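# Fold and geometry: a report
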Amino acid sequence: MKTKLALLLSAPFLLAATSAVQAQDYPTKNIQIIVPYSAGGGGDTVARIVADRLGEELGQQINVVNREGAGGEIGIDEIARSDADGYTLGVFGYPDNFVLEHTRDTSFTFESFDYLAAFDDMPMGVFASPNSQYSTLEALVSYGQERPGELIIGESGALGLLHALAFAERSEMQITPIRYSGGGELMNALLGNHIDLASTSSMSHDPIVGSNGKPIGFAAEERMEMFPDVPTFKEQGLDLVMGVSRVLVAPTGLPDDIREALITALDAISTNEAMMANFENAAIPYRYLDDSAVNEMLEQSNNVLMPVIENNLDQINGN
Amino acid sequence: MDIVSILLNLFTPSVFLVVFAGVLVGIVVGAIPGLNGAIGISLLLPLTFTMEPQTGLLLLGGIYMGGMYGGSITAILINVPGDVVAAPVAMEGYPLTQQGRAKEALYYSIFSSMFGGFIGVLVLILFTPPLARFALQFGPAEMFFVSLSGLIIVGALSGSVLKAAFAVLLGLFISTVGVDLITGSERFTFDNIDLRSGISVVPVVLGLFCFAEMFLNIGKKPGEQVQYRDQTISRMTVVKDILKQRFLVWKSGLIGTVVGLLPGVGTTLAVFMSYGDAKRVSRRNIPFEQGNPDGIIAAESANNATVGSSMVPLLALGVPGSPTSAIIAGALVIHGIVLGPSLFVSRPDIAFTFLYGMLLTVVAMTIIGAVGIKYFSYILKIKMEYIVPTVLVFALFGAYSLRNSLFDVFIAILLGIVGAIFKKIHVPLAPIIIGVVLGPLIETNLARAMRIASARNMPLWEYLMATPLSKGLVALVVIMLIVVIRMRHKEKVAAKGVKNA
């Protein structure tokens with residue numbers, strides 16, 4: 001009887017002890033990574049490449065779950081709501097979460113996530129249609145300033161629109177943005193000369209240029225290694241740096257030891273050559289930032305984006 | 001890249017194995033309500049990362065091809081289309097099953113799929129560059145008119161015009177729920193995050209066609225169910241009959257090919273267009289929706305033809321023409337293959353092996369389908385009380401798996417109840433689907449046209465009619481309207497004649 005009582009009384013402590021052991025053993029079961037976009041896109045590709053290597057490193061299977069909808073809002077919301085136990089992670093393209101947070105009534109905020117690493121740095125760019133009369137920024141701007149509101153720029157997604165608006169604002173042009181539901185549709189419209197310009201990421205460079213579309217410039221700090229012929233906006237005198245960076249996040253509140261285990265594993269795979277080759281094959285510019293570097297980068301970027309969002313809020317919401 | 005080395009690349013055991021496996025997976029996911037080729041492809045996508053690019057691509061291509069066919073099996077046998085594109089097949093195939101001619105319907109479906117598949121892939125092999133340029137001609141104005149002509153198809157389906165109009169309006173209404181793509185404004189969302197992302201077509205189809213059918217079966221006494229007989233028919237009889245309708249096969253295949261080219265318009269429109277057209281031209285003395293094989297021939301040759309053609313803009317321009325080909329594009333990119341005009345120059349080995357390999361997927365589909373039909377029709381020997389719960393489980397799973405969303409499951413069940421009621425009061429269900437698919441296309445393209453017209457300082461009508469292509473499409477819309485009205489009129493006269501006699 002006494003021993004039973006003793007066992008009962010000590011049960012909570014025993015349970016606590018076992019859970020501590022479990023945390024040290026993390027992970028003991030499959031992990032899932034939520035991707036708020038459909039399969040096959042850039043964000044999904046990054047998630048799958050990373051899931052593969054990270055799963056090997058941690059010794060557990062990592063499943064990628066696509067949870068698309070409402071421009072990424074549904075999936076990002078679900079990541080924020082999941083248990084912070086290390087078994088549900090998320091990969092999305094920053095600044096999708098930031099733009100959504102400040103343009104819609106979302107239930108997540110920037111602080112809902114623990115940003116563990118970033119894997120790429122893909123600048124946005126502006127491309128002109130094959131029939132256009134301009135192929136440099138200077139020619140484009142003088143053409144556009146003479147015809148306020150007549151230039152039509154296509155975009156697909158919140159960042160695409162933001163970039164288009166910032167581009168117009170800084171080059172002092174009035175242009176008309178038009179939304180497309182995906183990168184494919186947008187490219188079709190540009191290459192068919194139905195629109196004048198497209199605001200999209202550097203990932204679209206090859207198919208657009210392959211069909212005689214013209215790259216006007218990238219919103220990058222310096223020229224991209226992959227595309228050394230395309231100038232940056234900066235070197236053409238336009239101060240605009242904007243891009244997407246796929247981040248691996250967990251919901252805020254991870255236990256310290258699990259966070260440590262994840263960060264160590266991420267650092268370990270960050271120099272894996274097979275993984276880097278996968279990125280290169282997929283035309284995604286690889287750039288690894290560990291947990292402290294990524295937070296620094298995001299903070300700086302938030303400060304750049306915030307005024308652009310505020311200045312164009314009415315355009316973003318009701319254009 | 002000469003033909004011999006392409007063949008050498010293709011005729012290896014591993015390629016054969018992969019193609020057959022892909023097609024088989026495609027047929028299975030296609031037949032399961034709610035799952036379709038796109039889902040099958042995203043499931044097996046990671047598997048291809050470790051394969052040779054052309055082998056991996058053919059695996060995905062096989063799933064795509066098989067998935068287009070698979071949906072018709074359950075459509076014919078238990079009146080549950082496995083996929084949107086099989087809805088017209090259910091309308092003609094299930095009545096045949098009720099008449100004890102399930103095998104015949106299945107043969108029509110597989111051999112029409114084969115002809116359609118070959119047409120689409122041959123077009124892909126022979127005409128990719130010019131067709132890709134043609135597809136680029138379609139801007140907002142042209143897309144608007146194409147989608148509009150799709151809506152007119154509704155008038156050609158049988159039943160009361162008023163009820164069909166109600167159904168299509170309901171479909172259009174469903175499509176407005178969510179964040180409007182062009183303006184970003186929220187419509188009928190009631191601050192609900194799930195409603196904000198809109199109601200997607202898969203749960204709608206599952207609800208209306210699958211849940212509704214199963215709900216109607218619940219509570220039936222065993223005796224009330226159809227007593228299935230299994231009439232034997234030889235494959236050659238069916239093939240010969242299809243060949244007699246070769247004009248219909250070609251036309252449906254070409255409708256599938258052309259509409260399949262257009263990004264975003266999709267297979268659904270192509271299938272309903274050729275089905276509506278078959279109804280107009282059929283010379284058989286069998287009314288539609290009572291088991292006219294021409295409906296199956298048209299729908300199945302059209303949907304398998306879109307497989308090849310939706311890859312035309314993908315391979316030639318890097319622009320995916322359908323959700324499925326978008327995922328295939330993702331797989332190509334991971335293999336470091338740059339899509340677009342340079343593909344045929346930089347990696348001809350992969351491009352041509354894939355193109356010719358797609359012919360192999362058609363062959364594999366035909367073999368699996370033609371041999372499997374004997375086994376598929378065993379489904380009919382299963383008692384309805386086992387089929388209903390099984391199908392419901394798969395359908396629940398299918399509704400959930402599309403976006404991993406319980407909301408979609410809820411929508412599917414709700415529309416299942418609505419669909420069951422509509423079936424009782426004879427409101428046709430197909431127009432609802434047409435409305436859901438075409439509503440956003442018509443609306444967003446008109447909105448884009450308006451914005452472009454105002455930016456270019458021209459009246460909207462002038463922009464809409466600016467190109468010869470759009471003028472031609474306007475003519476097409478008008479002609480279709482006249483044809484449908486005349487067809488309706490004839491039916492009315494015929495019905496009166498029957499009454500008087």
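Heads up: these notes are all about the structure in this document.

Cut-offs applied
Residues numbered from 1 in each chain as written. Chains lettered and ligands numbered in written order. Predicted model: local features only at pLDDT ≥ 70, side-chain atom pairs only at ≥ 80, totals over all residues. Heavy atoms only, no water. Core = buried A, V, L, I, M, F, W, Y, C linked by side-chain atoms within 4.5 Å. Buried < 20%, exposed > 50% of the residue type's maximum accessible area, 1.4 Å probe, protein only. Helix = DSSP H or I, 4+ residues; strand = E, 2+ residues; numbered from the N terminus. Contact = heavy atoms within 4.5 Å. Buried area = accessible area lost by both parts, 1.4 Å probe. Salt bridge = Lys/Arg side-chain N within 4 Å of Asp/Glu carboxyl O. Axes fitted to C-alpha atoms, helices over the stretch in contact; angles between N-to-C directions. Parallel < 35°, antiparallel > 145°, perpendicular 65-115°, else oblique. Left-handed = near helix turned anticlockwise from the far one by under 90°. Phe/Tyr/Trp six-rings, centres within 6.5 Å; stacked < 30°, edge-to-face > 60°. Lys NZ or Arg CZ within 6 Å of the ring centre and 35° of its normal.

### Details of the nonpolar core
Counting residues in each nonpolar core, the largest one holds 180 residues, and the members touching the most others are F111, M311 and I328 of chain B. It is helix 6 (residues 102–136) of chain B that provides the largest number of residues to this core, a total of 18 residues. Here I328 of chain B is in contact with I41, L57, L60, Y64, M311 and L314 of chain B, once residues within four sequence places are set aside. Within the second largest apolar cluster, 85 residues are counted, among which are Y26, L100, L116 and I263 of chain A.

### Quick notes on unusual backbone geometry
Residue and element names in this part refer to chain A. The omega torsion across Y26 and P27 is 0 degrees, close enough to zero to call that bond cis. Residue position: P27 is located in the loop between helix 1 (2–25) and strand 1 (31–35). A cis amide bond, omega 10 degrees, links Y94 with the succeeding residue P95. In this fold, P95 is placed in the loop between strand 3 (88–94) and helix 4 (96–103). Residues other than glycine seldom take positive phi values, yet N212 does so here, at roughly 70 degrees.

### Structural notes on the interface of chain A and chain B
Each side of the interface is counted separately: chain A has 44 residues, and chain B has 43 residues. Three residues, R48, N188 and H194 of chain A, lead the burial of chain A against chain B; their summed loss comes to 17% of the area buried on that side. Linking chain A to chain B there are three salt bridges. Between R196 of chain B and E73 of chain A there is a salt bridge, with the nearest N and O atoms lying 2.7 Å from each other.

### A word on the packing of helix 4 (residues 53–78) of chain B against helix 6 of chain B
All names here are of chain B. In the contact formed by helix 4 and helix 6, the axes pass within 10 Å of each other and the chain directions differ by 160 degrees. By the angle between their axes, helix 4 is roughly antiparallel relative to helix 6. Crossing hand, helix 4 versus helix 6: right-handed. On helix 6, the residues that touch M65, Y69, S72, I73, I76 and L77 of helix 4 are A102, A105, L106, S109, I110, S113, G117 and V121.

### Some points on the packing of aromatic side chains
Taken as a whole and assessed by the stated rule, the structure comprises 22 aromatic pairs over all chains. Ring centres of Y107 of chain B and F111 of chain B lie 6.2 Å apart, and the angle between their planes is 20 degrees; on these two criteria the pair is classed as stacked. One end of the pair is Y107 of chain B and the other is F111 of chain B, both in helix 6 and four residues apart, which spans about a single turn. Across this residue pair, the class does not change: Y107 of chain B and F111 of chain B are buried. Counting every residue linked through ring pairs, the aromatic cluster contains F92, F98, F108, F110, F113 and Y115 of chain A. A cation over a ring is seen here: K29 of chain A above Y87 of chain A, with NZ or CZ 4.7 Å from the ring centre.

Honestly, that's just the spatial picture; any functional story needs more than this.
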